[in-house]
Amino acid sequence: MTTSLMSRMMRNAKGIMFRNIPMMINCRDFENFMIDYIEGSLPKRQVRVFEFHLKLCRECGDYLAAYRRTIEVSKRVFADADAPVPDDVPEDLVRAILDARAR
Amino acid sequence: MSEARRKQLTDDSDGELVDRVLAHSESAAETLVRRHGGWMLRVALSITRDRALAEDCVQDAFANGFSRLAGFERRSGFKTWLNRIVVNAALMKLRGRRARKESDLETLLPSFDANECRIEEPWRRVLTPEQIVGSERLRTLVLQKVDELPESYRSVLLLRDIEEMTTAEVAETLGMSPVNVKVRLHRARAALKRLLEPLMRGEGQ
């Protein structure tokens, strides 16, 4: 049996499982819950449903981890790229703003 | 700076200063610029990542703010009001910048098969955030990829994830509904994940 046929059969079996297990959502529903789950605003009951799917689905587990990592990486790269700004406003900027006002 | 000037910088409330600027007090205008210019410059810099451009934004924001001061409704704080103006000035500057290479968002969203099962290659090798932040080449690449996001998605991602504004604040700043902010944020993150995938998997290293 080829790997791709095997993988297709596994995916079909997974689809059937997700459709038939009580309290189970499919991957697309999981996708729709993700942002609220990460923000902690998903109701408790839905958190249980979300995490139940997460336990059984390798793809969604990998996806969620990579999604979280994307957020972390972008935050840290931007924090690193920000040049330090003095607390006081540069004097020439203050003058430029006030001069423009006077015109 | 004189003692009286220093005292004014810390003592008078924004509301009092706004009233005095409206009554044509230049010293009140200067106090507002000195009080708020610093954090506004930081906000503009984090969006534009260019010092000269960020200073232009602050200048534009004050010009815009002063000219609209009479219409400032006291319901929201003065700082919130200024924040919205400087963020918009920064986003406008970015929009006006060189034509960017924008990716087609639809092609970057997650894929599902006919069974609604997610298609996602296993993550066998993953670089840590430390490895990415530690490499100048990778840091530059991440900034470039964020730049490739379509404008309305990139703005939401910058304000929500980088500036750490709340959904409600972003909605108000960009004139979108909170639901729309959430949808765009999720799509922006999903697209960025796809764009960063080769980098995060350590491919081409």
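Quick caveat, the model's predicted, so the values are computed rather than measured.

1. Description of the overall build of chain B
Next, step 1: Regarding its fold elements, chain B presents ten helices and two strands.
Next, step 2: Listed by position from the N terminus, the elements making up chain B come as α-α-α-α-α-β-β-α-α-α-α-α.
Next, step 3: Taking 2.2 N^0.38 as the reference for a compact globule, 205 residues should give roughly 17 Å; the C-alpha atoms of chain B span a radius of gyration of 21 Å, well beyond that estimate.
Next, step 4: Considered along the principal axes of its C-alpha atoms, chain B spans approximately 65 × 35 × 30 Å.
Next, step 5: Counting over 205 residues, chain B shows a buried share of 37%.
Next, step 6: Taking all contacts inside chain B whose residues are at least 6 apart in sequence as the whole, residues at least 24 apart take part in 67%.

2. Describing the overall build of chain A
Next, step 1: Broken down by element type, chain A carries five helices and zero strands.
Next, step 2: Its C-alpha atoms give chain A principal-axis dimensions of roughly 75 × 35 × 25 Å.
Next, step 3: Residues counted as buried form 19% of the 103 residues belonging to chain A.

3. Some thoughts on helix 3 (residues 26–48) of chain B
Next, step 1: Helix geometry: helix 3 of chain B is bent most strongly at G37 of chain B, by close to 45 degrees.
Next, step 2: At the exit of helix 3 of chain B stands R49 of chain B, carrying a positive phi of roughly 55 degrees.

4. Regarding the environment of L98 of chain A
Next, step 1: Here L98 of chain A is to be found in helix 5 (residues 91–102).
Next, step 2: If we ignore the near neighbours within four places in the chain, the residues touching L98 of chain A are A29, E30 and V33 of chain B.

5. Structural notes on the interface of chain A and chain B
Next, step 1: In this assembly, 42 residues from chain A lie in contact with 46 residues from chain B.
Next, step 2: Listing elements by their share of the side of chain A that touches chain B, those giving two or more residues are helix 1 (3–20), helix 2 (27–39), helix 4 (58–81) and helix 5 of chain A.
Next, step 3: Looking at the side of chain A that touches chain B, the element that brings in the most residues is helix 4 of chain A, giving 19 residues.

6. Structural notes on the environment of G15 of chain A
Next, step 1: Note that G15 of chain A resides in helix 1.
Next, step 2: The class for G15 of chain A is partly exposed, based on 17 C-beta atoms found within 10 Å.
Next, step 3: The spacing of G15 of chain A and D29 of chain A is 14 residues in sequence and 13 Å in space, taken between C-alpha atoms.
Next, step 4: The contacts of G15 of chain A, once residues within four sequence positions are left out, are N115, E116 and C117 of chain B.

7. Looking at unusual backbone geometry
All names here are of chain B.
Next, step 1: Even without glycine at this site, R49 takes up a positive phi of about 55 degrees.
Next, step 2: Along the polypeptide, R49 turns up in the loop between helix 3 and helix 4 (51–67).
Next, step 3: A residue is classified by how many C-beta atoms lie within 10 Å of it, and R49, with 17 of them, is partly exposed.
Next, step 4: A positive phi angle is found at E164, which is not glycine, with a value near 55 degrees.
Next, step 5: In this structure, E164 sits in the loop between helix 8 (151–162) and helix 9 (167–174).

8. Things to note about the packing of helix 2 (residues 14–22) of chain B against helix 3 of chain B
Residues and elements named next belong to chain B.
Next, step 1: Two elements in contact, helix 2 and helix 3, have axes separated by 7 Å at closest approach and are oriented at 135 degrees. Relative to helix 3, the element helix 2 lies oblique. Viewed along their axes, helix 2 and helix 3 form a crossing whose handedness is left-handed. Touching L17, R20 and V21 of helix 2 are A28, A29, T31 and L32, all from helix 3.

9. Observations concerning the packing of helix 8 of chain B against helix 9 of chain B
Angle between the axes and distance between the axes are the two parameters that describe a pair of packed helices.
Residue and element names in this part refer to chain B.
Next, step 1: Interhelical geometry of helix 8 versus helix 9 gives an angle of 140 degrees and a closest axis separation of 10 Å. In terms of orientation, helix 8 and helix 9 fall into the oblique class. Crossing hand, helix 8 versus helix 9: right-handed. Residue-level contacts link S155, V156, L159 and R160 of helix 8 to V170, T173 and L174 of helix 9.
Next, step 2: In the contact of helix 8 with helix 9, the residues fall into four nonpolar, two polar and one charged.

10. What to know about the confidence of the model for chain B
Next, step 1: Averaged over all residues, the pLDDT of chain B is 89; the fraction at 70 or higher stands at 92%.
Next, step 2: When pLDDT is averaged over each helix and strand of chain B, the minimum, 60, is found for helix 1 (residues 3–11) of chain B and the maximum, 96, for helix 10 (residues 178–200) of chain B.

The rules behind the values
Residues numbered from 1 in each chain as written. Chains lettered and ligands numbered in written order. Predicted model: local features only at pLDDT ≥ 70, side-chain atom pairs only at ≥ 80, totals over all residues. Helix = DSSP H or I, 4+ residues; strand = E, 2+ residues; numbered from the N terminus. Rg over C-alpha atoms; globule rule 2.2 N^0.38 Å. Buried ≥ 20, exposed ≤ 12 C-beta atoms within 10 Å, placed from the backbone. Contact = placed C-beta atoms within 7 Å. Bend = angle between axes of the 7 residues up to and from the residue. Axes fitted to C-alpha atoms, helices over the stretch in contact; angles between N-to-C directions. Parallel < 35°, antiparallel > 145°, perpendicular 65-115°, else oblique. Left-handed = near helix turned anticlockwise from the far one by under 90°. Nonpolar A, V, L, I, M, F, W, Y, C, P; charged D, E, K, R; others polar. pLDDT = per-residue confidence, 0-100.

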